[in-house]
Amino acid sequence: MKKKKLLVYPYSRSTEPFIKYHYLIKDYEIQALVSPKGWGIAGDTVDTLDGAFAVTDKFEEELKRCDVVWFVEDGTCTLSQTILDQRMDEAKRAGREMLFFQKERTLKYQIDAPYLNRMLGNEVPVISVIGNFRDTNKMEVQLGLRYEFMKRGYRVSSIFSSSGGELAGGYSFPDFMEDPELSAAQKTVRYNQLVKLIAVEETPDVIIIGVPGGVIPYSDELHNDFGIYAFEISNAVASDFTILCSLYSPNLSWALESEKEIIERKFSWEIGAVHVAPYIWDRDDDIGNNNGGMTIEVDDAFLYKKLPDLDQGEIWNLRKYHNIQRLADKIMEELGGGD
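Notes on the structure follow. Nothing here was measured: the structure is a model prediction, and the numbers come from that model.

On to the nonpolar core, then. Ranked by size, the top nonpolar core spans 46 residues in total, and within it Leu33, Trp70, Leu145, Phe149, Ile243 and Leu327 carry the most contacts. Look past the residues within four positions of Leu327 in its chain and what remains in contact with it is Leu145, Phe241, Ile243, Ala273, Trp316 and Leu318. Counting 42 residues, the second largest nonpolar core, distinct from the first, contains Met177, Ile198, Tyr248 and Val274.

Put into structure tokens, the structure is as follows:
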């Protein structure tokens, strides 16, 4: 079946992992990336494993070349409702199909009433991707591993750390985990049962789970909600291999040793690999730090200069695809699936 040509709007850097691993988007072929004027992204180039896409701000022009508009509202960048409504109206008038970031997927199987409050066992190996802050590339690591294992012929199920997972063949972070009417215990049981249902329905060789937010307080002012999601998910399902995605900091090696001890003690997650994202916490942004924390982006040359052992041991730059491949080898060896 011929794939429909997809326009991504409004494109922001948080969407970059989906573009890099666009091969996971089975029903659509990415045709155009459009970012609103004023976001400072138009003119950028987004690299994939076999090419690149240019980002423009020409919505009307790109709409003519596409069949579907993917309206990406992930909360990372703010787009006014007026502009969004205008673009949706243009797409509708042009007869274009519209997609939104989260497409609900339903499972064929359900939990029988006697088991609704019961934890269910899981025999499928689980890979967990966690982070110590925002902007730590968790989604890129999740998509990269999903792509690599599938390329090797494995059946992979994914519950992602944010929305958009359905477009990549997995599941978005479930809505019930953000339901204020449910207790932590209820969320834990429901997440456990979701993993079981996916395992039964999809019979995967491996399940990749992404955990939203930070897993432990980053500082006195940035508490990352004290890792509540991590607490619930770690009690819902055991992790067989855990990847910690971290910001860069000048004292990174010392900080990681401390964080790994806390994570293992608090969540029973033993860290098997660490990804260092090209971001530093901006301590001086008082306004941003009152709203979840702000970061400053650095380039790869900076990371490799400051971290001469990067990619040499357990600390990786997993934005490089060959390191995703190396990590997949390590995971399969530890899980007993290597040659």
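With that out of the way, let us pick up the environment of Leu303. In this structure, Leu303 sits in helix α9 (residues 300–306). Owing to a relative accessible area of 0%, Leu303 belongs among the buried residues under this scheme. The spacing of Leu303 and Gly336 is 33 residues in sequence and 32 Å in space, taken between C-alpha atoms. Ignoring any residue separated from it by four or fewer positions in sequence, one finds Leu303 in contact with Tyr248, Val276, Ala277, Pro278, Val298, Leu310 and Arg319.

Given 3.6 residues per helical turn, the α-helix brings residues three or four places apart onto the same face. Among the residues of helix α6 (residues 228–236), those classed as buried are Ala230, Glu232, Ile233, Ser234 and Ala236. Considering only its buried residues, α6 is in contact with α5 (184–202), β9 (206–214) and α7 (252–267).

Across all of its chains, the model carries 17 salt bridges by this definition. A salt bridge links Glu90 to Arg87; its shortest N-O distance comes to 3.2 Å. Taken as a pair, Glu90 and Arg87 lie in helix α3 (residues 81–93) at a separation of three residues, close to a single helical turn. As far as the burial class goes, Glu90 and Arg87 line up, both buried.

A contiguous patch of negative charge on the surface is contributed by Glu16, Asp47, Asp135, Glu297 and Asp299. Given the relative accessible area of 48%, Glu297 is considered partly exposed.

If you add up the space inside the second largest pocket, you get close to 490 Å³. If you go around the second largest pocket, you meet 20 residues; those closest to its centre are Arg105, Leu107, Phe176, Arg190 and Leu194. Residue classes in the lining of the second largest pocket are distributed as 10 nonpolar, five polar and five charged.

Our focus in this paragraph is the sheet that holds strand β5 (residues 68–71). Ordered by their spatial adjacency, six strands build an open sheet running β3-β4-β2-β1-β5-β6, and the pairing between neighbours is mixed. The sheet is open, and its two edges are formed by β3 (45–47) and β6 (97–100), each paired on a single side. Strand-to-strand twist of the sheet, defined as the mean angle between neighbouring strand axes without regard to direction, takes the value 30 degrees. On top of the sheet, α3 reaches β1 (4–9), β5 and β6; it is set at about 165 degrees to β5, its chief contact.

The next thing to look at is the packing of aromatic side chains. Under the definition given, this model contains 12 aromatic pairs. Judged by centre distance (5.7 Å) and plane angle (45 degrees), the rings of Tyr21 and Tyr147 are tilted. Separated by 126 residues along the polypeptide, Tyr21 in the loop between α1 (16–20) and β2 (28–34) and Tyr147 in helix α4 (residues 138–151) bring together distant segments of the chain. Summarising the burial analysis for this pair, Tyr21 and Tyr147 share the class buried. These aromatic residues form a ring-pair network of at least three members: Tyr9, Phe59, Phe71 and Phe100.

Let's shift gears to the side chain of Ser157. Mapped onto the elements, Ser157 comes out in strand β8 (residues 156–159). Side chain to side chain, Ser157 and Glu202 meet in a polar contact 2.4 Å long. If near-sequence neighbours (up to four positions away) are discounted, Ser157 is found in contact with Arg146, Ile198, Glu202, Pro204, Val206, Ile207 and Ile208.

Outside of glycine, negative phi angles account for most residues, and trans bonds account for most peptide bonds. Residue Pro10 follows Tyr9 across a cis peptide bond; omega there is -10 degrees. Mapped onto the fold, Pro10 is located in the loop between β1 and α1. Even without being a glycine, Phe226 presents a positive backbone phi close to 60 degrees. If you trace the backbone, Phe226 turns up in the loop between β9 and α6.

This part covers the packing of α5 against α6. Two elements in contact, α5 and α6, have axes separated by 8 Å at closest approach and are oriented at 50 degrees. Judged on the interaxial angle alone, α6 and α5 are oblique. With respect to the hand of their crossing, α5 and α6 are arranged in right-handed fashion. Between α5 and α6, the contacting residues are Ala184, Lys187, Thr188, Tyr191 and Asn192 on the first element and Glu232, Ile233, Asn235 and Ala236 on the second. The class makeup of the residues in the contact of α5 with α6 is four nonpolar, three polar and two charged.

About the thresholds
- Residues numbered from 1 in each chain as written.
- Predicted model: local features only at pLDDT ≥ 70, side-chain atom pairs only at ≥ 80, totals over all residues.
- Heavy atoms only, no water.
- Core = buried A, V, L, I, M, F, W, Y, C linked by side-chain atoms within 4.5 Å.
- Buried < 20%, exposed > 50% of the residue type's maximum accessible area, 1.4 Å probe, protein only.
- Contact = heavy atoms within 4.5 Å.
- Helix = DSSP H or I, 4+ residues; strand = E, 2+ residues; numbered from the N terminus.
- Salt bridge = Lys/Arg side-chain N within 4 Å of Asp/Glu carboxyl O.
- Patch = residues over 30% accessible without salt bridge, like charges linked within 9 Å, V, L, I, M, F, W, Y side chains within 5 Å.
- Areas by Shrake-Rupley, 256 points an atom, 1.4 Å probe, with all protein chains shown as cover.
- Lys, Arg positive; Asp, Glu negative; His and termini not counted.
- Charge placed at Lys NZ, Arg CZ, Asp CG, Glu CD.
- 1 Å grid on protein atoms, 1.4 Å probe; cavity = no way out; pocket = protein on both sides within 12 Å on 5 of 7 lines; lining within 4 Å.
- Points joined across faces, edges and corners; volume = space filled by probe spheres on them.
- Nonpolar A, V, L, I, M, F, W, Y, C, P; charged D, E, K, R; others polar.
- Pairing = 2+ DSSP bridges.
- Axes fitted to C-alpha atoms, helices over the stretch in contact; angles between N-to-C directions.
- Phe/Tyr/Trp six-rings, centres within 6.5 Å; stacked < 30°, edge-to-face > 60°.
- Polar contact = N/O pair within 3.5 Å; in protein donor to acceptor, adjacent residues only side chain to side chain.
- Parallel < 35°, antiparallel > 145°, perpendicular 65-115°, else oblique.
- Left-handed = near helix turned anticlockwise from the far one by under 90°.

Geometry only, nothing functional implied.
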